[in-house]
Amino acid sequence: TNGTVALHRCEGAGLTLAGSLRNARAVAHAALAFARRRQGDVLIVCAGRGAEPALDDTLCAGVICQEALALAHEGELALADGAHIALTVADAAHDDDARQKVLELSGAARYTRSIGLGRDLDWCAVTNASDAVPCVVGHDSDLLMIERYAEPGQH
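Residues numbered from 1 in each chain as written. Predicted model: local features only at pLDDT ≥ 70, side-chain atom pairs only at ≥ 80, totals over all residues. Heavy atoms only, no water.

**What about the pattern of salt bridges?**
For step 1, the next point in the chain: Applying the stated criterion across every chain yields a total of 5 salt bridges.
For step 2, the next point in the chain: In this structure, arginine 25 and glutamate 67 form a salt bridge, with 3.0 Å as the shortest nitrogen-oxygen distance. Of this pair, arginine 25 sits in helix 2 (residues 24–38) while glutamate 67 sits in helix 3 (residues 55–71), and the two are 42 residues apart along the sequence.
For step 3, the next point in the chain: Judged by its relative accessible area of 12%, glutamate 67 is buried.
For step 4, the next point in the chain: Put simply, glutamate 76 and arginine 36 hold a salt bridge, and the shortest N to O gap is 2.7 Å. Of this pair, glutamate 76 sits in the loop between helix 3 and helix 4 (81–92) while arginine 36 is found in helix 2, placing the two residues 40 residues apart along the sequence. (Salt bridge = Lys/Arg side-chain N within 4 Å of Asp/Glu carboxyl O. Helix = DSSP H or I, 4+ residues; strand = E, 2+ residues; numbered from the N terminus. Buried < 20%, exposed > 50% of the residue type's maximum accessible area, 1.4 Å probe, protein only.)

And the structure:
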């Protein structure tokens, strides 16, 4: 999938997490904590569809940005233009019902419905339902090794 390709392209990053609407707050928390420990940046990578941006990815990135802003100290985050674009989309989709409507407009939703999995979209639109944060811990040609992320000192 495009998500797998995007995760492979992040090889070499200090930390690579997999985010979704369902774990947006948990991903934002983990990314900010890591960036604070390393005094580094957080980069949200949207997989897109082919070489094109994807509405569902942009919405998700915006919700993760919203969560990061809510968790950050004032003035701690400097947002790039892409983050502002994603935030604009997320601000327009202010609750689960509105996010569902935005997701319904996406190419991913059209494809998901076309293969008979339209009900999955309801599940995907729910925000912050999970605290699980998948973390890429290794790469091997076509495979990714994924574990649940735990901050140092946690098990």
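Structure shown, so let's carry the discussion forward.
**Describing the nonpolar core**
For step 1, the next point in the chain: Residues Leu17, Leu21, Leu59, Val63, Ile64, Val133 and Tyr149 are the most contacted members of the largest nonpolar core, which totals 26 residues.
For step 2, the next point in the chain: Among the elements that take part in this core, helix 2 stands out by supplying 8 residues, more than any other.
For step 3, the next point in the chain: Ignoring any residue separated from it by four or fewer positions in sequence, one finds valine 63 in contact with Leu21, Ala24, Ala90, Arg99 and Thr127. (Core = buried A, V, L, I, M, F, W, Y, C linked by side-chain atoms within 4.5 Å. Contact = heavy atoms within 4.5 Å.)

**Let's talk about the environment of leucine 121**
For step 1, the next point in the chain: As for its placement among the helices and strands, leucine 121 is situated in helix 7 (residues 120–124).
For step 2, the next point in the chain: The spacing of leucine 121 and glutamate 104 is 17 residues in sequence and 7.9 Å in space, taken between C-alpha atoms.
For step 3, the next point in the chain: Setting aside residues up to four positions removed in sequence, leucine 121 forms contacts with Gln100, Leu103, Glu104, Ala109, Thr112 and Arg113.

**Quick notes on the packing of helix 3 against helix 5 (residues 96–104)**
For step 1, the next point in the chain: Two numbers describe how helix 3 lies on helix 5: the axes approach to 8 Å, and their chain directions differ by 150°. When the axes of helix 3 and helix 5 are compared, the pair comes out roughly antiparallel. The two elements helix 3 and helix 5 cross, and the hand of that crossing is right-handed. Within the contact between the two elements, helix 3 uses Leu55, Asp56, Leu59 and Val63 and helix 5 uses Arg99, Val102 and Leu103.
For step 2, the next point in the chain: Class assignment for the residues of the contact of helix 3 with helix 5 results in 5 nonpolar, no polar and 2 charged. (Axes fitted to C-alpha atoms, helices over the stretch in contact; angles between N-to-C directions. Parallel < 35°, antiparallel > 145°, perpendicular 65-115°, else oblique. Left-handed = near helix turned anticlockwise from the far one by under 90°. Nonpolar A, V, L, I, M, F, W, Y, C, P; charged D, E, K, R; others polar.)

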